[in-house]
Amino acid sequence: MNKILIQFGLLIFCFSLIFFSQRGMPLQDVVMKSFIVFISLTIVLSVVVLFVFKMLNKNESLTAVDSKKSE
């Protein structure tokens, strides 16, 4: 899953390079802002994915316990 998040982050990094370079910014600012977008997006997506997986695992464990009680 981490590989998918990094690849998605790199895709957004490339898009942000194009976006910021079309604004006529200096190269250093373009790379810096794109890198900031890459890091922030990757961190946010990682936290969201971890939260979703924990919620899914929590629901699966609850349903397994509930099914054992009914037996």
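Residues numbered from 1 in each chain as written. Predicted model: local features only at pLDDT ≥ 70, side-chain atom pairs only at ≥ 80, totals over all residues. Heavy atoms only, no water.

A. Seen up close, the overall build of the protein chain. Counting secondary structure elements, the protein chain contains 2 helices and 0 strands. Looking at the protein chain as a whole, 14% of its 71 residues are labelled buried. A sequence separation of at least 24 residues applies to 53% of the contacts in the protein chain between residues at least 6 apart. For the protein chain, the computed accessible surface area is about 5800 Å², with 72% contributed by carbon and sulfur atoms. (Helix = DSSP H or I, 4+ residues; strand = E, 2+ residues; numbered from the N terminus. Buried < 20%, exposed > 50% of the residue type's maximum accessible area, 1.4 Å probe, protein only. Contact = heavy atoms within 4.5 Å. Areas by Shrake-Rupley, 256 points an atom, 1.4 Å probe, with all protein chains shown as cover.)

B. Looking closely at helix α1 (residues 2-21). Its 20 residues place the ends of α1 28 Å apart at the C-alpha level, agreeing with the 28 Å of an ideal helix rising 1.5 Å per residue. Looking only at α1, the buried set comprises Leu5, Gly9, Phe13, Ser16 and Phe20. Projected down its long axis, α1 shows its buried positions confined to an angular sector of 85 degrees, all on one face. Of the exposed residues in α1, the ones pointing more than 90 degrees away from its buried face are Lys3 and Ile4. (Expected span 1.5 Å × (residues − 1). Arc of directions from axis to C-beta.)

C. Structural detail: the packing of aromatic side chains. Considering all chains together, one arrives at 3 aromatic pairs under this definition. Ring centres 5.3 Å apart and planes at 65 degrees place the aromatic pair Phe19 and Phe20 in the edge-to-face group. By relative accessible area, Phe19 is classed as partly exposed at 42%. On the accessibility criterion, Phe20 (15% relative accessible area) is buried. Where Phe35 meets Phe38, the ring centres are 6.2 Å apart and the plane angle is 40 degrees; that geometry is what we call tilted. (Phe/Tyr/Trp six-rings, centres within 6.5 Å; stacked < 30°, edge-to-face > 60°.)

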